[in-house]
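Coordinates in review
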Amino acid sequence: MNPILRIAPRNADLGDGLLIRRMLPSRQQRMVGAWCFLDHAGPVDFPAGRGMHVGPHPHIGLQTFTWLIEGEVLHRDSLGNEQVIRPGEVNLMTAGRGIVHTEDSLADGQRLHAAQLWIALPPESEHCAPDFAHHPVLPRWREGGASLTLLAGTYGDHAAPPRVHSPLLGLDIASTVPTTLTLALEPVFEYGLVPLSGEAQVAGERFATDEFAYLGRGQHHLSLLLGADTRVLLLGGEPFAEPVHMWWNFVGSSRAVIAEAQGQWERGEARFGPIGDGSRPRLAAPPLPWRAD
Ligand code: MN
């Protein structure tokens, strides 16, 4: 067992009372395989008349991966997709060379609990065609007292439907009562896990809700002790040769790729098409954090 890196979440306020904890990227660990971004949103009970409302914004070079635990969220994008995501479902939006989307609570005054992740596209796929897929049915099984849902990748005989561009794993593990289980790992993958509720013990170390455990690579098994009413998200994947560059909603293999996208978004170029009639105000990108060449 490698020493476990304990990563504390950073808090951010996305507005309208939507507090999130961000575990990736972190100073200690930027990525886990291709997983390059992890926000844990809620659980939050929005007051009447309020909800999550994220206006039109662009992405490149990544897949946004939404795992909904509670609530209902409406996705719209510049490809013309409109899709409500409900608990137990995954939305996978492939930005590739460029897409614009919005995310809104289906109704205000409701509860929301979700994990919002990004999967970096490897350099050979970063300019692929944009796409959106909704996955209402995922492989589910029980092991001991735990209920497992395969969100991405393969595990044993199970294969998750979301189409990804590098070898990776996303696994949700939920228990209502204290449960021990042993999971098979791929030694070539690096892994990280975080309790989204409750608490877990890994190699005798206790991790509270929102404490991220980076486990490294080279291991064949993982022994977990889950507390009562606990939900753990396990992420894995083959490490990237080079960490991706990230800025605002853009991921890319170079700063130049990101700066080009930012300029095109600011100028309203056709790469980033409208959603519907295009009347909803678009989000403004903050200035690039480095000097443009
Ligand atoms: Mn987005």
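Read on for an overview of the structure. All values reported here derive from a predicted model rather than from experimental measurement.

Criteria and thresholds
- Residues numbered from 1 in each chain as written.
- Predicted model: local features only at pLDDT ≥ 70, side-chain atom pairs only at ≥ 80, totals over all residues.
- Heavy atoms only, no water.
- Helix = DSSP H or I, 4+ residues; strand = E, 2+ residues; numbered from the N terminus.
- Expected span 1.5 Å × (residues − 1).
- Contact = heavy atoms within 4.5 Å.
- Buried < 20%, exposed > 50% of the residue type's maximum accessible area, 1.4 Å probe, protein only.
- Pairing = 2+ DSSP bridges.
- Salt bridge = Lys/Arg side-chain N within 4 Å of Asp/Glu carboxyl O.
- Axes fitted to C-alpha atoms, helices over the stretch in contact; angles between N-to-C directions.
- Donors = N, O, S within 2.8 Å, 3.2 Å for Na, K, Ca; no water.

Taking 1.5 Å per residue, twelve residues should reach 16 Å; helix H1 (residues 255–266) reaches 16 Å between its end C-alpha atoms and fits that length. Buried-residue contacts for H1 involve strand E5 (53–59), strand E10 (99–105), strand E25 (245–247) and strand E26 (250–252). Downstream of H1 by one or two residues, Gly268 has phi in the positive range, about 70°.

Next up on the list: the pairing of strand E23 (residues 221–226). Along E23, the buried face is formed by Leu222, Leu224 and Leu226; none of His221, Ser223 and Leu225, which line the opposite face, is buried. Judged from the six bridges that link them, strand E18 (residues 179–184) and E23 form a sheet pairing that is antiparallel. Counted as the bridge partner of Leu183 is Leu222 from E23. Bridge count between strand E20 (residues 200–202) and E23: three bridges; the pairing is antiparallel. Bridging from a neighbouring strand, Ala200 pairs with Leu226 of E23.

Next up on the list: the pattern of salt bridges. Counting across every chain of the model gives 13 salt bridges. Among the salt bridges present, the one from Arg111 reaches Asp45, with a minimum N-O distance of 2.8 Å. Here Asp45 lies in strand E4 (residues 35–45) and Arg111 lies in strand E11 (residues 111–120), a separation of 66 residues in the sequence. A relative accessible area of 35% means that Arg111 is categorised as partly exposed. We note a salt bridge from Arg271 to Glu260, for which the minimum N-O separation is 3.9 Å. Of this pair, Arg271 sits in the segment after H1 while Glu260 sits in helix H1; the two residues are eleven residues apart in sequence, bridging distant segments of the chain.

On the basis of which strands lie adjacent, the open sheet formed by four strands has the order E5-E10-E7-E8 and antiparallel pairing. The open sheet has two free edges, formed respectively by E5 and strand E8 (82–85), since each of these has just one partner strand. On average, adjacent strands in this sheet sit at an angle of 20° to one another, irrespective of strand direction. Relative to E10, E5 runs antiparallel, the two being bridged by five bridges. Residue pairing across strands places His59 opposite Ile99, the latter belonging to E10.

Turning to the coordination of the manganese ion, a few remarks are in order. Around the manganese ion, the donor atoms from the protein are His57 (NE2), His59 (NE2) and His101 (NE2), and they sit 2.1 to 2.2 Å away. Along the chain, the residues that donate to the manganese ion are spaced as H-x1-H-x41-H. Summarising the burial analysis for this pair, His57 and His59 share the class buried.

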